[in-house]
Amino acid sequence: KWYSKKLVAPISDITNKSSENESGKISTEYEELVPIADTITGLNRKLDSYRGKLKMESEKIALIFENMDEGLVILDSDGNISSINKSAVAMLAADKKIADTLNISELINDKQLLNALSLNEGERIQTVIEIGDKSVCAYINKLKIFSLVCIIIILADVTGKKNAEELRREFSANVSHELKTPLTTIKGFGELFGSGMITEPD
């Protein structure tokens, strides 16, 4: 035990008792440990580089997540909210402070959407739900991330599109109705001309 401690001691405190010289190599009072110290320093540099890249990617994803126009909600397999962005909070008229502590059934009372949460892994479904005076298209996808089963819901406000479609249908119906009477009259006169019943030139 005593010999083991004496042997491991220099390695244990190599970080505290080593320093880099101008060539980038490690100098230490234990010259025989220089290769080990160099390897450890190289690994530390790589880890720092990986950590920096991971942090940048994480910040990039968080920026996209929070600033996308569509609402994004990530649920666990029981329907509890793991993550929710501000667009989804606005669409669901939820309180941002407690939104990610709730179950989705506490924010959306739509039977079709709640039934869709029992999808099989890998399945996806699209449905339109009414939230207050808004029409929201929900794209639901159930997938497995590592060992966790997640449900991802993307919410898109289609109120404007739905209103435009209703106006188009209403316009078409009105035009058809308004044109029906004059077209019937024109058709009647045309048939009279065609049958030769009208003989006076004027």
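Note that the structure is predicted; figures quoted are calculated from it, not measured. (Residues numbered from 1 in each chain as written. Predicted model: local features only at pLDDT ≥ 70, side-chain atom pairs only at ≥ 80, totals over all residues. Heavy atoms only, no water.)

J.: So what exactly am I meant to see when it comes to the overall build of the protein here?
T.: The number of helices and strands found in the protein is six helices and seven strands. Secondary structure elements of the protein, listed N to C terminal, follow the sequence α-β-β-α-β-β-α-α-α-β-β-β-α. Relative to its full complement of 202 residues, the protein shows a buried share of 25%. Of the contacts formed within the protein by residues at least 6 apart in sequence, a portion of 28% connects residues at least 24 apart. Total accessible area on the protein is roughly 14900 Å²; 57% of this is exposed by carbon and sulfur atoms. (Helix = DSSP H or I, 4+ residues; strand = E, 2+ residues; numbered from the N terminus. Buried < 20%, exposed > 50% of the residue type's maximum accessible area, 1.4 Å probe, protein only. Contact = heavy atoms within 4.5 Å. Areas by Shrake-Rupley, 256 points an atom, 1.4 Å probe, with all protein chains shown as cover.)

J.: Quick question: what am I supposed to make of the packing of aromatic side chains here?
T.: What describes a pair of aromatic rings is the distance from one ring centre to the other and the angle between the planes of the rings. Here the structure, examined in full by the defined rule, presents one aromatic pair. Plain terms: the ring middles of tryptophan 2 and tyrosine 3 are 5.0 Å apart, the flat faces sit at 75° to each other, and that makes the pair edge-to-face. When sorted by exposure, tryptophan 2 lands in the same class as tyrosine 3, which is exposed. (Phe/Tyr/Trp six-rings, centres within 6.5 Å; stacked < 30°, edge-to-face > 60°.)

J.: Sorry, what's going on with a nonpolar patch on the surface here?
T.: The grouping of Phe171, Val175, Leu179, Leu183 and Ile186 at the surface amounts to a nonpolar patch, some 490 Å² of accessible area in total. On the secondary structure map, leucine 183 appears in helix 6 (residues 159–195). (Patch = residues over 30% accessible without salt bridge, like charges linked within 9 Å, V, L, I, M, F, W, Y side chains within 5 Å. Salt bridge = Lys/Arg side-chain N within 4 Å of Asp/Glu carboxyl O.)

J.: Explanation requested: the nonpolar core in the structure shown.
T.: In globular proteins that are soluble, nonpolar side chains generally tend to be buried together. Core analysis: the largest hydrophobic core is formed by 26 residues, its most contacted members being Val73, Leu75, Ile84, Ile104, Ile140, Ile153 and Leu155. Aside from chain neighbours lying at most four places away, what touches isoleucine 140 is Leu113, Ala116, Leu117, Leu119, Glu123, Arg124, Ile125, Thr127, Ile151, Ile152 and Ile153. (Core = buried A, V, L, I, M, F, W, Y, C linked by side-chain atoms within 4.5 Å.)

J.: Would you explain the pairing of strand 5 (residues 124–131) in this entry?
T.: Pairing between strand 5 and strand 6 (residues 134–145): eight bridges, direction antiparallel. Considered in strand 6, the bridge of isoleucine 131 is made with lysine 134. (Pairing = 2+ DSSP bridges.)

J.: Explain the pattern of salt bridges here, please?
T.: Taken as a whole and assessed by the stated rule, the structure comprises five salt bridges. Between lysine 60 and glutamate 57 there is a salt bridge whose closest N-O contact spans 3.4 Å. You can see lysine 60 and its partner glutamate 57 sitting in helix 2 (residues 34–67), three residues apart, about one turn around the helix. Note on lysine 60: relative accessible area 46%, which makes it partly exposed. Of the charged contacts in the structure, one is a salt bridge between arginine 169 and glutamate 165, with a shortest N-O distance of 3.6 Å.

J.: What exactly am I supposed to notice about helix 2 here?
T.: For the α-helix, the turn length of 3.6 residues means that residues three or four positions removed from each other point alike. For helix 2, built from 34 residues, the straight-helix expectation of 50 Å at 1.5 Å per residue is met to within 8% by its first-to-last C-alpha distance of 49 Å. Where helix 2 is concerned, the buried positions are Val34, Ala37, Thr41 and Phe65. (Expected span 1.5 Å × (residues − 1).)

J.: Explain helix 6 here, please?
T.: For helix 6, which comprises 37 residues, the first-to-last C-alpha distance of 53 Å matches the rise-based estimate of 54 Å (1.5 Å per residue) to within 8%. Maximal helix bending in helix 6 amounts to about 35°, located at lysine 180; proline proline 182 follows within four positions. Glycine 196 sits one or two positions beyond helix 6 and adopts a positive phi of about 80°. (Bend = angle between axes of the 7 residues up to and from the residue.)

J.: I keep staring at the sheet that holds strand 6 and nothing clicks. Help me out?
T.: What holds strands together in a sheet is hydrogen bonding between their backbones, with the strands either parallel or antiparallel. Read across the open sheet, the five strands follow the order 4-3-7-6-5; overall the sheet is antiparallel. The sheet terminates laterally at strand 4 (81–84) and strand 5, the two strands that pair on one side only. Put simply, the sheet's adjacent strands are angled 25° from each other on average, direction ignored. Here strand 3 (residues 71–75) pairs with strand 4 via three bridges, running antiparallel. The partner of leucine 75 across the bridge, within strand 4, is isoleucine 81. (Axes fitted to C-alpha atoms, helices over the stretch in contact; angles between N-to-C directions.)

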